[in-house]
Amino acid sequence: MATFFFQSHRRPPLLRQAIKIRRRRAQDVQDCLPQTVQEADPPSHHLSPEERILLYEEALYTVLHRLGQPEPNHVTETSELLRYLQEAFHVEPQEHQQMLQQTRELEKPMFFLKATVKQAKGILGKDVSGFSDPYCLLGIEQGVGVAGGSPGARRRQKAVVRDTIPEEQTHRTQVISQSLNPVWDETFILEFKDIAHASFRLDMWDLDTVESVTQKLGELTDLHGLRRILKEVRKDKGQDDFLGSLVLRLQDLRCREDQWYPLEPCTETYPDRGQCHLQFQFIHKRRATRASRSQPSYTVHLHLLQQLVSHEVTQHQASSTSWDGSLSPQAATVLFLHATQKDLSDFHQSLAQWLAYSRLYQSLEFPSSCLLHPITSIEYQWIQGRLKEEQLEELAASFSSLLAYGLSLIRRFRSVFPLSVTDSPARLQSLLRVLVQMCKMKAFRELCPNTAPLPHLVTEALRSGTVEWFHMKQQHHQPMVQGLLEAAKALLGLVQDVTGDLHQCRRTWNKIFHNVLKIDLFSTAFQELQWLVAKRVQDHTVAVGGLVSPEMGESLFQLYISLKEFCQLGPSPSASGGVLALDGFHRWFRPAIPSWLQKSYSVALARVQRAVQMDQLVPLGELTKHSTSAVDLSTCFAQISHTARQLDWPDPEEAFMITVKFVEDTCRLALVYCSLVKARARELSASQKDQGQAANMLCVVVNDMEQLRLVIGKLPTQLAWEALEERVGAVLERGQLQHTLHNQLQSALAGLAHEIRSGVRTLTEQLEVGIATHIQRLLGVKGSVLPEDAILPLMKFLEVELCYMNTNLVQENFSSLLTLLWTHTLTVLAEAAASQQSSPLASSRLKIALQNLEVCFHAEGCGLPPEALHTATFQALQKDLELQAAPSRQLIQKYFCSRLEQQAETTSEELGAVTVKASYLASEQKLRVELLSASSLLPLDSNGSSDPFVQLTLEPRHAFPELGPRETQKHKKDLHPLFDETFEFLVPAEPCQEHGACLLLTVLDHDRLGADDLEGEAFLPLRSVPGLPGNEEPHEVPQTRLPLTYPPLNGDPVLQLLESRKGDREAQAFVRMRRQRAKQAAQHTPRPGR
């Protein structure tokens, strides 16, 4: 039978009033749950044995009396569901069979179909206006639906419901006036006995009221309306029009259905009758279980949900997997059947899910994200009046309990969500989001109005949790043995743990709390921890006092470094808005500074001594030419610099003094290392008979010192002198840092440079002897040997030795060795050249040797650069050898080249001048010289005048062997003679174009009684004479005025070199001639002012 829910507003004829269900709203709940958030024990999800038996009976009853076709993802077999329930309730097989038999013997429930007629669309318009006034008749037909045929398959007939269902079991919807898409949204409870032989039937009708023809004509709109009027005339008055029908077998329906169904016509006239939207649900009434009879349906479903979810979570934990909130098909099927059969609303199901999950979350481990779905569902459907007083209290208690539990987890988040577990950050973030969503719910705000804002609660939980975590860590680091040293180690471990925790807060946790709640976890934790840490560190340093042992100093240094790292994490005092407890903490460690500095030096010194003692003074490799001790020393210095950077003392003046001490210790270690490594080399060399091995060790020692010099040079950068100078600028005098630190450094570098030069000098001396020996041998080689062959022994010696040195020395030391060796080689060559001035052959060999040595020492850019090779000594030696190696005639030619240069540079005519015109007749191969005059000659006779004449010769004589000297007429007592004489020399053009080829004009004073006196000489370069190839032939030969000159008073080096060649007659004759002219010139020095 049908259950009455609401009454219709009108009573249509021939039908009794239909029973309907309408949604009702309850009155607002007057009393609210107290909102103080207190931490309490989480509610237990475990049932007592009696409750478990009742709930198990309820679950079995639900499965045994399931109705309808299964859902797509649900379990079909009843046996499978029963096995699952046995596992979920942990029931023994015998007990299970007994309970199953007892449940089967219970009375069956009453079966009902909860049918909701939602709406229709596209129905026929039966009225004259083109619309209809539709309503539905519906009910359950009993005793039909046999296998093999469907009621919808039988012959169509009118008034299906009226003909097949008794009037008292027929239900009717409201009439929707003038609509082709009516909306009813009316629910009916229809009882049935046997689902296999029952069908749901629905007829849709158009209500037809009694109206006059005149009224209908007034509603006429088109021809179709007229046709409808004529039809109305033929039918009985008050007879409704059939719109369509629907027949469904109950056994074909699912437990819940929500579909559009096509309406079937009774004839083929209008086959498309539209569609009707229906919702179905099979429900139970009068269930025979004890739980259903004694407890509300909502409470029973809540307990069943808790039991099954607890089993699901436990199963996943047993298989070492995390439950993701998805129920197994068996659990989903049982819960769906129970909620449907008990006719629980979606809201009550969401409420039960929230209560069950929130309770289980506090005792079982599963993702908090599973709570988001019930939160969203409750928020979407929340109407406070839908719940009873006890349900509101239960919901409020669940909010308070979960909030308190969540805050307790947040307070202990460091241990509850350890970073060692990969998904811990995601789990914490999910919990925070659940709490945020819960606190935003309308239900939470209405039921817990006095709860403080969530960010405030979380901040306080984090603050108290940080303090609790610190005390727990302090207890963990408590030493077993009491003592200052053990306390220092324990405090160091505590500070390091605190610093590590702050790093994790900044790197991981802070982002989560800030993104979800805009809470700065890092600042909160830092503010709490810095006060706790400061108190304990200060107490410890006071207990230590001023007497610091080396062991205590080491512990205090590590503690200082850890505190420095801790403070660097936090904000500056200005940014923090106040004074931090750890501001100026370095002052607590002042008594330990001497101990730290002494420990740093002692450790480094011991390491240096050990490194040198273990060093065999062999290169580490082809590219690394220093030994192991240099590497260890570099590491020692790097460690000292690292210690200084770690210390980074805040007080500028004290930081300057500490840096001075570090630099002093470093420089002292460098000099100690030099002494130790040299002593080690002597020790190892004493046991070596091979001198080559001793040289190898010396090379390694020099390289080690060079490596040390490079390391020492980096001290200003490693110790940040520039930054220190900026810091101490206000407390130190200007230049004090430069004077102190840089002088220390330069003194150490100078000492190292001296040691390096000493070592390189020793290596150079070993090579200098060999070079001098080979140069002396070069001079003694037979004259028949070519110079290129004569220098081969010297070059092979240098190639072997320099390759050896290049292999065993670093580039800086090798360059120093090359510089010293080059200087010595030039000295040896210069001495040899001075001793071989008279031997062109020996000088030629020395010249070629110098050229090859230059190439060897340059080594294609890998040796000395050109500016280091071309010293003044080299250039002078090169010039001397160039002259000494030249033949006598070439020297004579060089002499005249120098006289031509002197002539070109002379502008003064204090000795007088001669005027000539010279030209070359190429067709006749004649040199034509017109000697025009002389002027301003010196009076060389006692009468105050002279008897001048001019002697003309083509020089050098060996270039013009067939042309003798020519002379002009002698003029009596004339200082300005006008000669006007022409001379022609038959000479080819080629010798006239050679360097040094010239016309020598010697002006003499004729003396009858003795030798003629020299008035002066003038040199005319033949290469410039017009008419020679390359020179243009002018229309008129120009005059050339040549000042007279004297030979050089200090002697010419070419003449000196020629004079040394005693066996060369030509050279000796030329020297005698030039010496005679020089002697004549010396007798007539011009008076000043003439």
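Up top you'll find the structure we're talking about.
Keep in mind that what you see is a predicted model, and the values were worked out from it rather than measured.

We now examine the side chain of D501. Within the secondary structure, D501 sits in helix α17 (residues 484-517). Those residues in contact with D501 that lie beyond four places of it in its chain are R414, W469 and L529.

For the rest of this paragraph, the subject is the sheet that holds strand β13 (residues 978-986). As summarised here, the arrangement of the four strands in space is β13-β10-β9-β16, forming an open sheet in which the pairing is antiparallel. Looking at strand neighbours, the two that pair on one side only are β13 and β16 (1040-1043), the edges of this open sheet. Going from strand to strand, the sheet's axes swing by 25° on average, the running direction of each strand aside.

In this section: the packing of aromatic side chains. Taken as a whole, this structure holds 31 aromatic pairs when the rule is applied. Judged by centre distance (5.8 Å) and plane angle (80°), the ring pair of W323 and Y357 falls under edge-to-face. Residue W323 is located in the loop between α8 (297-318) and α9 (329-341), and its partner Y357 is located in helix α10 (residues 346-361); the two are separated by 34 residues in the primary sequence. Accessibility expressed as a relative area gives 2% for Y357, which makes it buried. Through pairs of rings, three or more aromatic residues link up here, namely F557, Y560, F585, F589, W596 and W649. Over the aromatic face of F522 sits the side chain of R506, whose NZ or CZ is 4.4 Å from the ring centroid.

For the rest of this paragraph, the subject is the pattern of salt bridges. Tallied over the full model, the rule gives 38 salt bridges. The closest approach of N and O atoms between E654 and R590, which form a salt bridge, is 3.2 Å. Of this pair, E654 sits in helix α23 (residues 652-686) while R590 sits in the loop between α20 (573-576) and α21 (593-614); the two residues are 64 residues apart in sequence, bridging distant segments of the chain. Assessed through its relative accessible area of 26%, E654 is described here as partly exposed. Residues joined in a network through salt bridges with shared partners are E924, K926, R928, E930 and E984.

On to helix α30 (residues 811-835), then. End to end, α30 covers 36 Å across 25 residues, agreeing with the expected 36 Å (1.5 Å per residue, within 8%). Those residues of α30 not exposed but buried are N813, F814, L817, L818, L821, W822, T825, L826, V828, L829, A832 and A833.

Moving on, we get to the pairing of strand β15 (residues 1013-1021). Of all nine residues in β15, eight are buried; the element is thus mostly enclosed. Pairing geometry for strand β14 (residues 998-1005) and β15, over eight bridges, is antiparallel. Across the sheet, L1000 pairs through a bridge with F1019, a residue of β15.

Backbone torsion omega between E955 and P956 reads -5°, so that peptide bond is classified as cis. Relative to the helices and strands, P956 resides in the loop between β11 (948-955) and β12 (966-967). Backbone geometry places D185, a non-glycine residue, at a positive phi of 50°. With respect to the secondary-structure elements, D185 resides in strand β4 (residues 183-192).

By the secondary structure assignment, Q718 is in helix α25 (residues 715-718). Owing to a relative accessible area of 22%, Q718 belongs among the partly exposed residues under this scheme. C-alpha of Q718 to C-alpha of I640: the two residues are 78 residues apart in sequence and 9.6 Å apart in space.

Basis of the calculations
Residues numbered from 1 in each chain as written. Predicted model: local features only at pLDDT ≥ 70, side-chain atom pairs only at ≥ 80, totals over all residues. Heavy atoms only, no water. Helix = DSSP H or I, 4+ residues; strand = E, 2+ residues; numbered from the N terminus. Contact = heavy atoms within 4.5 Å. Pairing = 2+ DSSP bridges. Axes fitted to C-alpha atoms, helices over the stretch in contact; angles between N-to-C directions. Phe/Tyr/Trp six-rings, centres within 6.5 Å; stacked < 30°, edge-to-face > 60°. Buried < 20%, exposed > 50% of the residue type's maximum accessible area, 1.4 Å probe, protein only. Lys NZ or Arg CZ within 6 Å of the ring centre and 35° of its normal. Salt bridge = Lys/Arg side-chain N within 4 Å of Asp/Glu carboxyl O. Expected span 1.5 Å × (residues − 1).

By themselves, these are just geometric observations and shouldn't be taken as functional.
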